[in-house]
Amino acid sequence: MKLLRVSSPHAHGPNSTQRVMQQVLLASLPGVFVLTVFFGFGTLVNILWAAVVALACESLALWLRKRPLGFYLGDCSALVTALLLGIALPPYAPWWLIAIGVASAILMAKHLYGGLGYNPFNPAMVGYVVLLISFPVQMTSWAPPRGLTENVPGLLDALRACFLPGQFDAITMATPLDVLRQNSGLMMDDLWAQAPQFGRWAGIGWEWANLAFLAGGLWLLYRRIFTWHAPVAFLASLALMAALFYDGGSSASGGSPLFHLLSGATMLGAFFIITDPVSSAVSVRGRLVFGALIGILVYLIRAWGNYPDAVAFAVLIANLCAPFIDHYTQPRTYGHRPPAREDA
Amino acid sequence: MSTPSYTDIAVNGLWKNNPALVQLLGLCPLLAVTSSVVNALGLAVATTFVLVTSNTTVSLIRSVVPDTVRLPVFVMIIAAAVTGTELLMQAYAYELYQILGIFLPLITTNCVILGRADGFARKQPVLPALSDGLLMGLGFGAVLLVLGALREALGTGRLFADMDLLFGAGAAAWEVVLVQDYQAFLLAILPPGAFIFTGLLIAIKHLIDARIERRRAALRAAPASGSKRVRVTGTIS
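What you see is a predicted model, and the numbers here were worked out from it, not measured in a lab.

Calculation criteria
Residues numbered from 1 in each chain as written. Chains lettered and ligands numbered in written order. Predicted model: local features only at pLDDT ≥ 70, side-chain atom pairs only at ≥ 80, totals over all residues. Helix = DSSP H or I, 4+ residues; strand = E, 2+ residues; numbered from the N terminus. Rg over C-alpha atoms; globule rule 2.2 N^0.38 Å. Contact = placed C-beta atoms within 7 Å. Axes fitted to C-alpha atoms, helices over the stretch in contact; angles between N-to-C directions. Parallel < 35°, antiparallel > 145°, perpendicular 65-115°, else oblique. Nonpolar A, V, L, I, M, F, W, Y, C, P; charged D, E, K, R; others polar. Buried ≥ 20, exposed ≤ 12 C-beta atoms within 10 Å, placed from the backbone. Arc of directions from axis to C-beta. Left-handed = near helix turned anticlockwise from the far one by under 90°. Domains from an automatic or database assignment.

1. So, the overall build of chain A
Now for step 1: Secondary structure summary: chain A contains 17 helices and zero strands in total.
Now for step 2: Its C-alpha atoms give chain A a radius of gyration of 21 Å, near enough to 20 Å, the size a compact globule of 344 residues would have.
Now for step 3: Across chain A, every contact between residues at least 6 apart in sequence was considered, and the portion connecting residues at least 24 apart equals 75%.

Dropping the structure here:
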């Protein structure tokens, strides 16, 4: 008989960075599938090209910083950044747009701050915001969903749109969030009847993509990749804000809570972006505050801002607040009094 | 305080103690107006002019001004120099004067100028003070120009656009189109671009310094031990 003498801790979790990241990649599959069904292969091409650029940038940064290549490339965190950015960018974006976004995400937001674990901001969202303020035209042209256009582009068309942007005439259409913001003189029912973009609860395609991301997120929650606090606080505060400002029928108010929950990047943000363990708040109460803050900001920017969606800006602002939130929500150690603040 | 040699003054102003890259003074105009070469050049000329004027004047009256009231006196001198510059630009480069806007009068509060007046000119004879002002201005201006060129090239795909604002109508043809049909990269022109590129320039300077230092260390047989402290404001003795 062999007696292993191991020291504590005896219970250990199976979750390495690599495994967590792989499960996040896996959980995004339903959402990516729905996006591909409704908007064509653009999103898929975005993600694949973003992944190539991300791995190249990551290797370059690691080589410059003289870090082991295999270890850091193997943790898949660059792939997750590429995935999130690829989903967030409009389908059929040109290759240089994606490359600039990924490069600023990996090189600027991640490695300039010291690599994975040291970045104060979510890299994918930094990349998105860099693109959004630099190239507003390309970033606000979203493809029309299946059903509203004759031919949803196939894989070849999507590749051509990405790598030969001059030879591809992209058809674009305002997103439901845009339509709602541009119209303030109609009743909601009239708007629904007039604009073809709207579906059952929100926009055609968007509602199903959001539900698919919700499903993926719930699976991650079941796998205990993250806790429920930040996503639930985010969704609840967004719904609450929408309910407070929704007057039940006119398009001057911001749209119903359900519309906001199933529009834009809400579910992607709730389960895949704000749950980033590095740049979010870490204490339990802190995560509640962090999520709620993002929910409020998303609604404010959607209702009164000038950008297509608000999740990226809201997440970056909340990232800024995360250390502050953590400072004031420090949990009590079991058996001890609340920590006395000497610096207060 | 002994008077440093002119070589020292030049090396300090242009590289070792560069106002923008090492002292990190005057960042506000540096970041705000370097979105194109012509803006950068305008501000560089104005700042250099003010630096030379104020350094010379401060050095001239250095034996008359009591220490206790020196700062108000210096600020008055600088403000007068800035007002003169402003009037000159209004007369000869009106469009540029309008583009630079608030950043012209704000040269008064540029820490480089007060720093050089208080740290150098008030203890030095006229000629070294004048050349220090000139070289500090050139060092500052060089960084402004590089930054302006980088941001203009990356942001708009062109270089030397609108130079006629400074050099008269003939300079309108100086514009160089680097890339045809360039997709404007707004980030480079917006304030974040200024921060990013300034950071990059400082990093490049550190890289070059480290290279030089390594080469020197290789040349030296036995490394001499000495103070590693970084001096921020001029030579103190």
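Next comes the rest of the account.
2. A closer look at the packing of helix α2 (residues 29-39) of chain A against helix α3 (residues 42-64) of chain A
All names here are of chain A.
Now for step 1: Relative orientation of the contacting elements α2 and α3 amounts to 130°, with a least axis distance of 7 Å. In this view, α2 runs oblique relative to α3, as classed from their interaxial angle. Counting all contacts with α2, which are made through V32, L35, T36 and F39, the residues of α3 involved are G42, T43, L44 and I47.
Now for step 2: In the contact of α2 with α3, the residues fall into five nonpolar, three polar and no charged.

3. Some remarks on helix α9 (residues 155-163) of chain A
Because each turn of an α-helix spans 3.6 residues, side chains separated by three or four positions in sequence point in the same direction.
All names here are of chain A.
Now for step 1: Buried residues of α9: A158, L159, A161 and C162, and no others. Mapping the buried residues of α9 onto a view down its axis gives an arc of 160°, with all of them on the same face.
Now for step 2: The secondary structure elements touched by the buried residues of α9 are α3 and α6 (95-111).

4. Details of the environment of L62 of chain A
Residue and element names in this part refer to chain A.
Now for step 1: Here L62 shows up in helix α3.
Now for step 2: With 19 C-beta atoms packed within 10 Å, L62 lands in the partly exposed category.
Now for step 3: Taking the C-alpha atoms as reference points, L62 and H111, separated by 49 residues in sequence, lie 8.3 Å from one another.
Now for step 4: Dropping the residues within four chain positions of it, L62 is found in contact with R67, L69 and Y72.

5. Focus on the packing of helix α1 (residues 17-27) of chain A against helix α12 (residues 206-222) of chain A
All names here are of chain A.
Now for step 1: With their axes 9 Å apart at the nearest point, α1 and α12 run at an angle of 150° to one another. Considered as vectors, α1 and α12 are oriented roughly antiparallel to each other. Helix-helix and strand crossings are classified by hand; for α1 and α12 the assignment is right-handed. The segment α1 lies against α12, with Q23, V24 and A27 engaging G216, G217, W219 and L220.

6. Quick word on the domain arrangement of chain A
Residues and elements named next belong to chain A.
Now for step 1: Under the domain assignment, chain A is made up of domain 1 (15-173) and domain 2 (182-327).
Now for step 2: Placing a centre on the C-alpha atoms of domain 1 and another on those of domain 2 gives a separation of 21 Å.
Now for step 3: Opposite the 32 residues of domain 1 that make contact, domain 2 presents 29 residues.
Now for step 4: Of all the elements in the fold, those that place two or more residues in the side of domain 1 that touches domain 2 are α1, α2, α5 (77-88) and α7 (123-134).
Now for step 5: Class assignment of the residues belonging to the side of domain 1 that touches domain 2 gives a composition of 23 nonpolar, eight polar and one charged.

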